[in-house]
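# Examining the three-dimensional arrangement
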Amino acid sequence: MLRTSLSRLSPPSSLLRPFSSSSTRLTSGKCFPIPSKTQSWIDGKYHGQSGEEMSNFSPGTGALISTVEVATQATIDAAVASAQAAFPAWSALSGAERGRILTRAAVLIREYNSEMSLLESVDAGIPVSETEFVQVLGGADCFEYYGGLASNACVTGQMMDTPHAGGHKDSFCYTRREPLGVCAGIGAWNYPVLVMSWKVAPALACGNTFVYKPSECTPLTALKIAEILKEAGLPDGVFNVVVGDRTTGPMLTRHSDVKKLSFTGSTETGIRIVKEAAETLKKVTMELGGKSPLLVFEDADVDNAVGAAMMSNWYTQGEICSNATRVFVHKSVKEEFVRKLVERTKQLKVGDPLDPLTHVGAMIMPPDNKTGHMDRVIGYIERAKADPRNKLILGGNTHTIEVAGGKGGSGNEGCYVEPTIFECTDDNSELVKEEVFGPVMSILEFEDEADAVERANDTIYGLGAGIMTNNLARAHRVAKQFQSGNVWINNYNLTPSEMPFGGYGMSGYGRECGTYAIDNYTQIKNVYVEMGDVDSSCYP
Ligand code: NAD
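What you are looking at is a predicted structure, and each value in this text was computed from that prediction instead of being measured. (Residues numbered from 1 in each chain as written. Predicted model: local features only at pLDDT ≥ 70, side-chain atom pairs only at ≥ 80, totals over all residues. Heavy atoms only, no water.)

## Observations regarding the site of the ligand
We apply this condition: Nearness is judged by heavy atoms alone; a residue qualifies as near a molecule or strand once a single heavy atom is within 4 Å of it. Whenever a nitrogen or oxygen atom comes within 3.5 Å of another N or O atom, the pair is scored as a polar contact, on the condition that within protein one atom can donate a hydrogen and the other can accept it, and that pairs from neighbouring residues in sequence are kept only if both atoms are in side chains. Areas reported here follow the Shrake-Rupley algorithm with a probe of radius 1.4 Å; residue values treat only the protein chains shown as occluding. Here a cavity denotes a set of grid points, spaced 1 Å apart and computed over the protein atoms alone, in which a 1.4 Å probe fits but from which it cannot get out, and a pocket denotes an open set meeting protein on both sides within 12 Å along at least five of seven lines; residues with an atom within 4 Å of a point are reported as lining. The way we define it, a molecule is inside a pocket or cavity when more than half of its atoms are within 2 Å of that pocket's grid points. Under the DSSP-based scheme used, a helix requires at least four consecutive residues in state H or I and a strand at least two consecutive residues in state E, with every element numbered from the N terminus.
What surrounds the ligand is a group of 30 residues, the closest being G187, E216, S266, T269 and E435. In the model, an oxygen atom of the ligand is placed 3.2 Å from a nitrogen or oxygen of the G265 main chain. In the environment of the ligand, an oxygen atom lies 3.3 Å from a nitrogen or oxygen atom belonging to the side chain of E287. Starting from 860 Å² of accessible surface for the ligand in isolation, the protein chains cover 93%. Cavity membership is defined here by more than half of the atoms lying within 2 Å of grid points; on that basis the ligand lies in the largest pocket. Of all the secondary structure elements, the ones that give two or more residues to the shell around the ligand are α7 (248–254), β13 (260–264) and α8 (267–278).

## Points about the UniProt feature "active site" (unreviewed entry) in the protein chain
Applied cut-off: UniProt positions are given in the numbering used here, feature names are shortened, and annotations may be inferred rather than shown by experiment. When accessible area is computed with a 1.4 Å probe and restricted to protein chains, residues below 20% of their type maximum are described as buried, those above 50% as exposed, and intermediate ones as partly exposed. The criterion used for residue contact is that any of the two residues' heavy atoms lie within 4.5 Å.
The feature "active site" (unreviewed entry), as given by UniProt, occupies E287 in the numbering adopted here. On the accessibility criterion, E287 (5% relative accessible area) is buried. Residues in contact with E287, not counting those within four places in the same chain, are F263, T264, G265, L463, F501, G502, G503, S507, G510, R511 and E512.

## Section: the layout of surface pockets
A water-sized probe rolled over the atoms picks out the places where empty space is left. Quick note on the threshold: Grid points are joined across faces, edges and corners, and a volume is the space filled by probe spheres set on the points. When residues are sorted by character, Ala, Val, Leu, Ile, Met, Phe, Trp, Tyr, Cys and Pro go into the nonpolar class, Asp, Glu, Lys and Arg into the charged class, and all the rest, Gly among them, into the polar class.
Volume-wise, the largest pocket comes out at about 1,200 Å³. Lining the largest pocket are 43 residues, and of these W189, R246, G265, S266 and T269 sit closest to its centre. Elements with a minimum of two residues in the lining of the largest pocket: α7, β13, α8 and α11 (372–385). In terms of residue count, α8 provides more of the lining of the largest pocket than any other element does, six residues in total. In the lining of the largest pocket, the residues fall into 17 nonpolar, 14 polar and twelve charged. One number sums up the size of the second largest pocket: a volume of about 380 Å³. Taken together, 17 residues line the second largest pocket, and the ones lying closest to its centre are M310, M311, Y315, R344 and L348. When residues of the lining of the second largest pocket are traced back to their parent elements, those giving at least two are α4 (128–153) and α9 (302–311). Examining the composition of the lining of the second largest pocket, we find that five residues originate from one element, α9, more than from any other. Residues that form the lining of the second largest pocket fall into these classes: seven nonpolar, eight polar and two charged.

Structure follows, in structure tokens:
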């Protein structure tokens, strides 16, 4: 993930309708409303509680955004009970009625795009040029898409004649697609609105109710989506948000009234969740990590190949699961490719996520260890520098920025890493094997197609893969051989709502988006219809 479309027009800028909270000045002199206290959203309203609190920091500055009331077991129970109580009425609505609400939510998300984008950028460190033009609008697209599908998402059963079933020759069976009940989602921090929308929109379209837990690093925008869904007419209890830390997710995983869990996060956590969810036989969808390849052939348009490599490494400061961090370039075009890549990358502006001119924003800031993720990324870079199998070509350092209020003062401790390029000679080095989750690209050389495909597939992951070539037959031949859930030909990381997204191998299972996501949120009931007498002649 993730660019739903690159050709968006700017939304109207006169949409500053306030959310229900006070204003906070965070950086760059911009002023907009952010709640000073972040609470869970249960049964259509914020749910105050006493107990443990944690801090939510802005990656761009290190400033405290808000204090988060960490959900307790009682909070989780209340959220699940609310979703359970709302299920009968919500699932009994016609698909068209549910779809109308989701479509209205899509319209409202677009109207609130300016505020939502700022909030997402403050919370996640993603440049506002991305959140405003791609990520929030991508969430709106997702609600609109499933709003449209809702009227047939749950009624697409099959009818089969059953002449050999031992009954009458006219007997038959039919299937019904039915919702599951209370579904839960646990999200990662790297593109919070989209991660959430991909789970919630199809689940609600199918008639389920939902409890969502955003990442502890980015609790804010899921709550705003909850407010928007209510404004769109969603009945209370159909969608609930529980905010908390790493202790909160397991309470949802174990909850016996949660019938389905969709998880986005690291492979390590995913494995833990699958084991725990098995105790209550929950259906699970796993959207996990990746270490994806991009193959640049000698017949590719080199400028396009450079563009694809940049979009798949620098976007969202490299914090994208499907990023093509292993770029295999044919020997004959490698020099030109590297020269052009370095030229263009040097022009990128690393800095304040709220500055519209910024290309590369801030590394995420976990509440319990503000520099933890940046330190992890820099750790990979330092070890790669010390490894003779890698040659540093560009970047390789942290980056300091000046923000409003002067350097060194409170709120000027953002986490930034320069876009970093290594040329690598060994596919088995740590840098080439492991998911770094930062702006760090490895370039590898190849000469032979079959060898390149084999090397591309030599990973435990299988989330994305790309091929740049003008040879039509090669494009499809290689696409077929990639061991990956998503393949892009002559582009990378585009993920419109219509397109199923998910992984092979240790990148997970199940598919989000497209009509395939309907399988995640429905169960099949078979109904046998006897058209004749019961044949009980085997009994006296
Ligand atoms: P993470 O696994 O640390 O955390 C993800 C979520 O799981 C958080 O909300 C966290 O609170 C929760 N959690 C942690 N421990 C838990 C437990 N034992 N039980 C239940 N929930 C628990 O991941 P992260 O650092 O937030 O995200 C980065 C990772 O996510 C990267 O590996 C990235 O590749 C992956 N990712 C995958 C996709 C995809 O679609 N495949 C998309 C985005 C991110």
